[in-house]
Amino acid sequence: EIHRTAAIGFDAWLEEQFARPIGYQQPDLDERARMGLEVTSEHRRWSWWRQVMDGPDTLRQRVGLALSELFVVSDNVGQIGDNPRGLANYYDTLLRDAFGNYRDLLRDVTLHPIMGVYLSHLRNEKSGPGRFPDENYAREVMQLFSIGLYELRPDGTLRLDGTGQPIPTYTNDDITEFAKIFTGLSFASPDGDFHQGREVWTEPMRMY
């Protein structure tokens, strides 16, 4: 592959990679389920390994891996570990958006129930008397997934204030207000119930 790439050039190789079919994980697990076989996190890892090593989309798989190390979730969380098909679907979302734009990627990650469980904005209730929305995702989406802790110059270096200190991109008040946006989201359940509806792990969360 290295010799072929050298022969056709980087641009042609990239165009080939962009056009190749996506090596999804979830179909492997769906097939096991259709056959009445057990589906566990080990089977999900096996599917990941098969796609990374032998799948049709070498570049997309590498970009998907890089994105998974930015938009981190973990099957060490009980609800996630118990839903390997949902976690495979989450990873497949990263693969599908790997060559798209960042806004769509961030939206799809935000609405995925796996991320909703991991950063606790699934079934996050709106503010009310004595009740405040969970702020976890509001904080992490700014700190880890988008603008970061401090303002940067176009060259990536820190922007400093008049005293030589880095300029924060947001305050605790911003987090508190931003958290109000990430409320009302729950499973896209056919039962249409925010609290008790069936848990659908392979579709985006919906707003109730």
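Residues numbered from 1 in each chain as written. Predicted model: local features only at pLDDT ≥ 70, side-chain atom pairs only at ≥ 80, totals over all residues. Heavy atoms only, no water.

Colleague: Tell me about the environment of Gly-197, and name the residues and values.
Modeller: Structurally, Gly-197 can be placed in the loop between strand S1 (185-186) and strand S2 (206-207). The buried category is assigned to Gly-197, whose relative accessible area is 7%. Along the sequence, Gly-197 and Gln-79 sit 118 residues apart, while their C-alpha atoms lie 15 Å from each other. Not counting residues up to four positions away in its chain, the partners in contact with Gly-197 are Arg-123, Ser-189 and Asp-191. (Helix = DSSP H or I, 4+ residues; strand = E, 2+ residues; numbered from the N terminus. Buried < 20%, exposed > 50% of the residue type's maximum accessible area, 1.4 Å probe, protein only. Contact = heavy atoms within 4.5 Å.)

Colleague: Can you break down unusual backbone geometry residue by residue, with the values?
Modeller: One non-glycine residue, Ser-120, adopts positive backbone phi at about 60°. Here Ser-120 lies in the loop between helix H9 (113-118) and helix H10 (136-143). Here Arg-123, not a glycine, exhibits a phi torsion of approximately 60°, which is positive. Looking at the secondary structure, you find Arg-123 in the loop between H9 and H10.

Colleague: Before we move on, could you go through the packing of aromatic side chains and cite the residues and values that matter?
Modeller: Summed over the entire model, instances satisfying the criterion amount to 9 aromatic pairs. Between the aromatic rings of Phe-71 and Phe-145, the centroid separation amounts to 4.8 Å while the plane-to-plane angle is 45°, which identifies the pairing as tilted. Of this pair, Phe-71 sits in the loop between helix H5 (58-68) and helix H6 (78-81) while Phe-145 sits in the loop between H10 and helix H11 (172-178), placing them 74 residues apart in sequence. The pair Phe-71 / Phe-145 is uniform in exposure class, with both members buried. Between Tyr-137 and Phe-145, the aromatic rings sit 6.1 Å apart at their centres with planes inclined by 55°, giving tilted as the arrangement. Each member of the pair, Tyr-137 together with Phe-145, is buried. (Phe/Tyr/Trp six-rings, centres within 6.5 Å; stacked < 30°, edge-to-face > 60°.)

Colleague: Please set out the packing of helix H7 (residues 84-96) against helix H8 (residues 102-111) residue by residue, giving values where relevant.
Modeller: Relative orientation of the contacting elements H7 and H8 amounts to 170°, with a least axis distance of 10 Å. Taken together, H7 and H8 sit at an angle that is classed as roughly antiparallel. Together, Tyr-90, Thr-93, Leu-94 and Arg-96 of H7 and Leu-105, Asp-108 and Val-109 of H8 make up the contact between the two elements. Split into classes, the residues belonging to the contact of H7 with H8 amount to 4 nonpolar, 1 polar and 2 charged. (Axes fitted to C-alpha atoms, helices over the stretch in contact; angles between N-to-C directions. Parallel < 35°, antiparallel > 145°, perpendicular 65-115°, else oblique. Nonpolar A, V, L, I, M, F, W, Y, C, P; charged D, E, K, R; others polar.)

Colleague: Outline the nonpolar core, listing residues and values.
Modeller: Counting residues in hydrophobic clusters, the biggest one holds 30 residues, and the most contacted among them are Phe-71, Tyr-90, Val-109, Met-115, Tyr-137 and Phe-145. Secondary-structure elements contributing two or more residues to this core are H7, H8, H9 and H10. (Core = buried A, V, L, I, M, F, W, Y, C linked by side-chain atoms within 4.5 Å.)

Geometric values such as these leave the question of function open.
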